[in-house]
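What follows is the residue order along each chain.
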Amino acid sequence: MQTEFSKEQNLLRDIVSRALRDKSPVTAVRESMATNRGYDPVVWQELCGDAGLAGVHLPEVHGGAGGGAAELGIVAEEMGRTLFCGPWFASAVMAGTALIEAADEEDRGALLPGVADGSTIATLVLDDLNDPAGVGGSISSAADGKLSGTAAMVLDAHVADLLLVVASGAGGLGLHAVESGASGLTIEPLQVVDSTRKLSRVALADVPGRCVGEVSGDALNRIWDRICSALAHEIIGGAQHLFETTVNYTKERFQFGRPIGSFQALKHRCADLLLEIEIARALTHHSARCLDAGAGEPWAASMAKAAAADACMSAARAGIQLRGGIGFTWENDTHLWFKRAKGSEVLFGTPAIHRERMMTMLEGAA
Amino acid sequence: MTPDRIRSEVSAWLDANWRVDRPLIEWRNILLEGGWAAPHWPEEWYGRGFTLDQTAVVAEVFRERDAVPAAQVGPRGLASETILACGSDDQKRRFLRPILTGEHTWCQLFSEPGSGSDLAGLSTRAELKDGKWIINGQKVWNTSAHHADFGLLVARSDWDVPKHQGISYFLLDMRQPGVEARPLRQMNGHQSFNEVFMTNAVVPPEDLIGGEGNGWHVAKTTLSFERRGFSRRVRGSSIDGAKQGPIYEEYEEELRIAAEPYTWYPQREGRVDLVLPRARETGTIADPATRQEIAKLICLYTGARLASDSAEASRKAGTTEIIPAGSIGKLAASVIARQASHVHTMISRADAMLSGPDSAADGIIAEVLVSVPAISIAGGTDEIQRNIISERVLGMPKGYRADQGPFRDIKRNA
Ligand SMILES: Cc1cc2nc3c(=O)[nH]c(=O)nc-3n(C[C@H](O)[C@H](O)[C@H](O)COP(=O)(O)OP(=O)(O)OC[C@H]3O[C@@H](n4cnc5c(N)ncnc54)[C@H](O)[C@@H]3O)c2cc1C
């Protein structure tokens, strides 16, 4: 299995990083997060339509770049570093992955090209965001294909053109395509902690949908793993940003006639943080390589999600604490990354849930 | 060279040369001439310039064939790496061969009662008299010193310059009247380390390494190798089972003496390998709180291994300095060992009060619990690693220092 990034992958990172720094500086993030829509359509077109960031992991036949979890991870990491505000994660990562893993070939051909070039904003509607075992408990499909039930939280549903709903039916779970204007569909935006990631409640009352594929238990776990691996990358990008800016701050801020970074209590906290982030980053990159090689520990994505979320929260707490009062202000940017860290910590399974999931798999393997 | 090529070359060479009826030292000399004793060393010094991965393939073939490898156990590796990096050609000629053949064992004479973390604050005296270096002073915590033939010694040769500049580094013959090693008992009951007294011990001028006053630079080279060693898994060099043949008897005897101080070293790393078997055997694998802690341990352990692989890779590409990367690995080893000790405690519950043959895993778990505290002290404490990481990796500013100017004037332990 790969242990380092290839030249092409490093090049991809450079390009993505430059594009995001250019198109999505923190001033733009602040503007977008304050709007109801939650993203800037011009920037969306530039990043997804022109630069292809939504299709990096999608098959070439469907308009994507044909990359794997590693390439998706690279984009996610840079997105997290710059705190990109928009439906990329919902559309490219969540909906894109669900279509690849569960949709029939014909529907993939029909739906993926729009996702890949950003002309379609899609999202994945799951009625449980904690554990794959709970998915399908609240939303069901009737014999006539109509969908009913509620998803308490759905990413970016308020701007989605296409909702991919996982619902339980007579034959198990299915993936259903629903148009944004469908009758019986209610999308109610929610108040959120992290306003760079919009959530809505989605209620379905006899909503007409088209079943695009079955979702077996294995497929659901594959979808979950791929989403978690990408999310871990996004989290690690955020952790890296928090860590670097915090260490830099300690070199510039003076108290007691010396830079605060010369105080050992702060140095040691930063050294421990570096170790925690390095370990989490190694697990995160490893999770993508395992998915791409179809090898390695089956619980690699859970290790990555648990470790990355914990490391990022450590970085976020230190990011506020080591700045003192200024760190607790709205004006300072640190809280934006803190809130994303908190949201991502619990999205798709808390660290504790992932550790339990990993132990279950490990015991199964023994 | 590809792994397959290496395999077939080593196999062919062993077919032609490996015999169980040769005396051990004779065999090691053949091994040396064949270039398979230390393949990662440079070609002009018995090696082949192999990477560590390539070297691991060679070791694997030796293990499969039950062929006795070059001598490896103990601080001899620190000696050979230091001499390779900083020694003169004459020193390499004299010292490297007996290290590989096993004729010489070594120890590290760095720490003193008055200076441990602050190694550069050492006060063992080295004075040049009639063309010879005369050494006076005391060292402590010196692993294997009680049976070592030579010691890696740092001593102060100039008291009138700042502390790092007045140190010289010597290759000390331990088998002389002026050197006495006394074993010390550790909290885990073993006696691996010693105190070493030097009273007018003599070092000939050709055994000064790296030049007078340049000892700190050489010492840093030794330390960086030592720290890297903590993060790499120690590869077992013993031969399984009761292999028949005279050479195995000699080899076992060598291992018995050289490896004795290290029997508890796997325990100080926490014995992560025993966690799942023990959790299953005791049934605590079903306990949710224990499962959480086991999972954390596995994440730490797996992640640290992956991170050190990629640090190793970037070191090969020449992008990372050796010392900081070693410090991250060493700190990781401490964190892992502590978590493993915590998990073993959760698994054993009240049984963790017992030690010895009637206790869990034949006393191994008890030994873990009382050996793990060593890993965050030996080879530079965790606090020192954090200082190095924050200053050298993260570029955080150095704090106030009270030890500048001539060493003579600095406050130190009585
Ligand atoms: C099992 C074992 C084997 C060893 N083998 C050898 C050997 O073969 N050869 C050899 O030479 N030595 C050996 N050592 C010694 C080891 O290197 C020292 O014990 C170690 O460097 C610490 O020094 P010290 O014991 O003097 O403690 P001190 O330096 O006195 O430290 C005491 C405490 O103060 C802290 N401290 C000190 N300075 C700072 C600072 N600047 N910032 C923050 N905290 C600080 C330390 O972290 C520690 O917690 C061995 C030690 C052990 C435990």
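All figures in this text were calculated on a predicted structure; none of them were measured in a lab.

Engineer: So, the nonpolar core: which residues are in play, and what are the values?
Structural biologist: What tends to happen in soluble globular proteins is that the nonpolar side chains get buried as a cluster. With 124 residues, the main nonpolar core has Trp88(A), Phe89(A), Leu124(A), Leu164(A), Leu175(A), Phe348(A) and Ile294(B) as its most contacted residues. For this core, the element with the most residues is helix H7 (residues 217–252) of chain A, which contributes 15 residues. With near-sequence residues (within four places) excluded, Leu124(A) lies in contact with Ala90(A), Met94(A), Ala95(A), Ala98(A), Val154(A), Leu164(A), Val166(A), Leu175(A), Ile223(A) and Ile227(A). Counting 56 residues, the second largest nonpolar core, distinct from the first, contains Val10(B), Phe50(B), Ala70(B) and Trp264(B).

Engineer: An account of the site of the ligand is requested, with residue identities and associated values reported.
Structural biologist: Taken together, 18 residues are adjacent to the ligand, and Gln264(A), Ser117(B), Trp141(B), Thr381(B) and Glu383(B) come closest. Residues lining the ligand come from chains A and B. Here an oxygen atom of the ligand and a side-chain polar atom of Ser117(B) are 2.6 Å apart. Within the backbone of Trp141(B), an N or O atom sits 2.9 Å from a nitrogen atom of the ligand. Out of a free accessible area of 970 Å², the ligand has 68% covered by protein chains. Across the shell around the ligand, the residue classes break down as seven nonpolar, ten polar and one charged.

Engineer: Just give me the short version of the environment of Ile25(B), but keep the residues and values in it.
Structural biologist: Residues and elements named next belong to chain B. Looking at where Ile-25 falls in the secondary structure, it is placed in helix H2 (residues 24–34). When the C-alpha positions of Ile-25 and Arg-401 are compared, they lie 50 Å apart, and in sequence the two are 376 residues distant. Here Ile-25 is in contact with Thr-101 and Glu-103, once residues within four sequence places are set aside.

Engineer: Can you break down the side chain of Gln9(A) residue by residue, with the values?
Structural biologist: All names here are of chain A. If you trace the backbone, Gln-9 turns up in helix H1 (residues 7–23). Only 2.9 Å separates the side chain of Gln-9 from the side chain of Gln-2, close enough to count as a polar contact. When residues no more than four places from it in sequence are discounted, the contact partners of Gln-9 are Gln-2, Glu-4, Ala-70, Glu-71 and Ile-74.

Engineer: Now, about the domain arrangement of chain B: what can you tell me, with residues and values included?
Structural biologist: By a widely used convention, the size of an interface equals the accessible area lost when the partners come together. All names here are of chain B. You can read the domains of chain B as domain 1 (3–73 + 233–261), domain 2 (101–227) and domain 3 (264–393). Using only C-alpha atoms to locate each centre, domain 1 and domain 2 end up separated by 30 Å. Of the roughly 680 Å² buried between domain 1 and domain 2, counting both surfaces, carbon and sulfur atoms make up 61%. Looking at the side of domain 1 that touches domain 2, the elements with two or more residues in it are H2 and helix H7 (246–259). Partitioning the side of domain 1 that touches domain 2 into residue classes produces five nonpolar, one polar and two charged.

Engineer: Describe helix H13 (residues 382–393) of chain B, naming the residues involved and giving the relevant values.
Structural biologist: Residue and element names in this part refer to chain B. When the terminal C-alpha atoms of H13 are compared, their 15 Å separation across twelve residues agrees well with the 16 Å that a helix rising 1.5 Å per residue should span. Regarding H13, the residues found buried are Asp-382, Gln-385, Arg-386, Asn-387, Ile-388, Ile-389 and Ser-390. Remark: Gly-395 follows H13 within two positions and exhibits a positive phi of approximately 70°.

Reading the values: the criteria
Residues numbered from 1 in each chain as written. Chains lettered and ligands numbered in written order. Predicted model: local features only at pLDDT ≥ 70, side-chain atom pairs only at ≥ 80, totals over all residues. Heavy atoms only, no water. Core = buried A, V, L, I, M, F, W, Y, C linked by side-chain atoms within 4.5 Å. Buried < 20%, exposed > 50% of the residue type's maximum accessible area, 1.4 Å probe, protein only. Helix = DSSP H or I, 4+ residues; strand = E, 2+ residues; numbered from the N terminus. Contact = heavy atoms within 4.5 Å. Near = heavy atom within 4 Å. Polar contact = N/O pair within 3.5 Å; in protein donor to acceptor, adjacent residues only side chain to side chain. Areas by Shrake-Rupley, 256 points an atom, 1.4 Å probe, with all protein chains shown as cover. Nonpolar A, V, L, I, M, F, W, Y, C, P; charged D, E, K, R; others polar. Domains from an automatic or database assignment. Buried area = accessible area lost by both parts, 1.4 Å probe. Expected span 1.5 Å × (residues − 1).

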